[in-house]
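A structural walkthrough
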Amino acid sequence: MQFLMIVDDPDIARYASENGVDRLFVDLEYIGKDVRQKGMATWKSKQTLEDVTKIREAAPEGHVLVRINPLYDGTKAELDEAIARGADSIMLPMFRTTDELARFFDLLGDRAEALPLVETNDALQAIPDMVEKLPLTGLHIGLNDLHLDLGLDFMFQPIADGLLDAPCAAMRAGGVPFGIGGIARAREGIVSPDYLLGEHVRLGSSAAILSRTFHREAQSLADLQNNMDFPGEVAKLRAIYAAFQTQDADALEQNRKDTSSRINDVVALVRKQKSDQGQAST
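Summarised in this report is the structure supplied together with it.

So, how was this worked out
Residues numbered from 1 in each chain as written. Predicted model: local features only at pLDDT ≥ 70, side-chain atom pairs only at ≥ 80, totals over all residues. Heavy atoms only, no water. Pairing = 2+ DSSP bridges. Helix = DSSP H or I, 4+ residues; strand = E, 2+ residues; numbered from the N terminus. Contact = heavy atoms within 4.5 Å. Axes fitted to C-alpha atoms, helices over the stretch in contact; angles between N-to-C directions. Buried < 20%, exposed > 50% of the residue type's maximum accessible area, 1.4 Å probe, protein only. Lys, Arg positive; Asp, Glu negative; His and termini not counted. Salt bridge = Lys/Arg side-chain N within 4 Å of Asp/Glu carboxyl O.

Regarding the sheet that holds strand β2 (residues 23-27)
- Taken together, seven strands build an open sheet; the order of strands is β5-β4-β3-β2-β1-β10-β9 and the sheet is parallel. Looking at strand neighbours, the two that pair on one side only are β5 (113-114) and β9 (182-183), the edges of this open sheet.
- Pairing geometry for β2 and strand β3 (residues 64-67), over four bridges, is parallel. When the sheet's bridge partners are listed, Phe-25 is paired in β3 with Leu-65.
- Sheet strands in contact with helix α3 (residues 49-58) are β2 and β3, and its direction is about 160° off that of β2.

Notes on helix α11 (residues 193-203)
- Counted residue by residue, α11 has eight buried out of 11 residues, so it is predominantly covered.
- In the segment just after α11, Gly-204 is the residue with positive phi, at about 100°.

Observations concerning the pairing of strand β1 (residues 2-6)
- Pairing between β1 and strand β10 (residues 207-210): three bridges, direction parallel. Counterpart to Leu-4 in the pairing with β10 is Ile-209.
- Where β1 lies against β2, three bridges are found, and the strand directions are parallel. In the sheet register, Ile-6 faces β2, and the bridge partner there is Phe-25.

What to know about the side chain of Glu-78
- Following the sequence through the fold, Glu-78 ends up in helix α4 (residues 75-84).
- Arg-67 provides the closest opposite charge to the buried, unpaired Glu-78, separated from it by 9.3 Å.
- For Glu-78, the residues in contact, after removing those within four places along its chain, are Leu-28, Leu-49, Ile-68, Asn-69 and Tyr-72.

Concerning the sheet that holds strand β6 (residues 117-118)
- On the basis of which strands lie adjacent, the open sheet formed by three strands has the order β6-β7-β8 and parallel pairing. Edge positions in the sheet fall to β6 and β8 (178-180), since each has one partner strand and no second.
- Bridge count between strand β7 (residues 139-141) and β8: three bridges; the pairing is parallel. In the strand pairing of β8, His-140 is matched with Gly-179.
- Against the sheet, helix α10 (residues 165-174) makes contact with β7 and β8, and its axis sits at roughly 155° relative to β8, the strand it touches most.

A word on the pattern of salt bridges
- Under the defined criterion, the tally for this structure stands at 24 salt bridges.
- The salt bridge involving Arg-96 is made with Asp-122; its shortest N-O contact spans 3.4 Å. Taken together, the positions of Arg-96 in the loop between β4 (89-91) and α5 (98-108) and Asp-122 in helix α6 (residues 121-125) put the pair 26 residues apart, joining distant regions of the chain.
- Note on Arg-96: relative accessible area 30%, which makes it partly exposed.
- Notably, a salt bridge pairs Glu-188 with Arg-216, separated by 2.9 Å at the nearest N-O pair. Remark: Arg-216 occurs in the loop between β10 and α12 (221-227) and Glu-188 occurs in the loop between β9 and α11; sequence separation between them is 28 residues.
- The network of salt bridges with common partners includes Asp-8, Asp-51 and Lys-54.

Take a look at the structure:
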């Protein structure tokens, strides 16, 4: 299981890279994000290209992943500078078609690894076509914007609704490694990793982003170390994932049902809250 983590502080980046984080994530995306996620308590980056250099220098042996903006007139310049500053892989968000992704591959060439971020329904449905036509070596499914694009109520709802099953099967068949969404600490989160990681195994996912709640939005290495056993918590997640890998299909199916039940409970609660708010405003 690979873990990605958005990092800004150089000391945290170095420490995380040495203690279980496989990809240090620098997030440059800002175009359109405030509109899509208006009013939501989601990560909205203020990082810049200078942060790529900062993280690269802090962890010279680490893997630096850079999320750029969606395709626009400045994409090539953004790519060129991110790579010049030391990016090992580049994540493209918010694309919808195979042709858009092909354009990204053309601009990137073989200068860094491509890690497309699927977070629109059109892109999700196009995964089999992408697997067939493009030189994919990895992919990540982003659940936050995906559930918004689908008009759903909760970010894990695409898992419960079975919307990822066919796209993930296509990637497994094509030998394309992929990850799904983010993950909290063991035994924490609205839907615990103790359930979600079983769905990662069932679907074939081998990567997840460590959520902000995982490290409690630590602003310094001292803050991080004082508030958690970071390597220990990463090891717990890997142990849960490894345990699910030993389970048979029946056990994974039962976990799927249990996970879906928990997700649907949250969906029902969210819908009730929306209904109550709607009634209060009339």
